Amino acid sequence: VRALVRSSANGDRVKTQIDCADLSLHVTTATSLAMIVNEAVTNALKYAFGTEESGKLRVQLSTAANDCLLEISDNGQGFARIAMGKPKAYGLKGLQERAKTVGGWVDISSVEGRGTSIVLSVPLNEVADPVEPAEPIPMPSTPSKEPAE
């Protein structure tokens, strides 16, 4: 997240706070969470802060009961609720679709002039993906360096 913020045009003006619990997640869930974080942080950097404004971006990952909770919030300019229904709101719709693929839901709340909060909840799996030892990769035989007859 910090690298993503630093690489943005206004990253030097955005202070980040990251609070993440130590979790073991199914690879599908972890991948979806990573993509959601990327999309939400990119949206915040692109739309939340004007060219001269500084701001705060917070990413929090925690657990509650049998759910994994992810919250990404900013204190940027926010947007009207009606903006989420616009045909070009692909990023916001994509967050919701991605959450559904792992059995979760997303709540997006925003107040113009006060910022945006995206909360994602996905069920925790009983066991994370098992890590199996990799099969050895057969290596091609090395050609002989002896001169051919």
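Residues numbered from 1 in each chain as written. Predicted model: local features only at pLDDT ≥ 70, side-chain atom pairs only at ≥ 80, totals over all residues. Heavy atoms only, no water.

Draft legend 1. Molecular detail of the sheet that holds strand β2 (residues 55-64). Strand order in the open sheet formed by five strands is β1-β2-β3-β5-β4, and the pairing between neighbours is mixed. Among the strands making up the open sheet, the edge pair consists of β1 (14-20) and β4 (105-111). The mean angle between the axes of side-by-side strands here comes to 10 degrees, regardless of whether they run parallel or antiparallel. Pairing analysis gives eight bridges linking strand β3 (residues 67-74) to strand β5 (residues 115-123), with the strands arranged antiparallel. When the bridges of β5 are listed, Asp74 appears paired with Thr116. (Pairing = 2+ DSSP bridges. Helix = DSSP H or I, 4+ residues; strand = E, 2+ residues; numbered from the N terminus. Axes fitted to C-alpha atoms, helices over the stretch in contact; angles between N-to-C directions.)

Draft legend 2. View of the confidence of the model for the chain. Summing up the model confidence of the chain, the mean pLDDT is 79 and the portion of residues at 70 or higher is 75%. Residue range residues 126-134 is modelled with pLDDT below 50. Its contacts to residues more than four positions away, or to other chains, number six contacts. (pLDDT = per-residue confidence, 0-100. Contact = heavy atoms within 4.5 Å.)

Draft legend 3. Molecular detail of the environment of Thr42. Note that Thr42 resides in helix α2 (residues 27-48). In this structure, the C-alpha to C-alpha distance between Thr42 and Gly91, residues 49 residues apart in sequence, is 9.5 Å.

Draft legend 4. How the structure looks around the pairing of β2. Note: β1 against β2, seven bridges, orientation parallel. Looking at β2, one finds that Lys15 is bridged to Lys56. Where β2 meets β3, eight bridges bridge the pair, whose relative direction is antiparallel. Note that in β3 the partner of Gln60 across the bridge is Glu71. Hairpin remark: β2 followed by β3, antiparallel, with two residues in the connecting loop; positive phi at Ala65, about 55 degrees.

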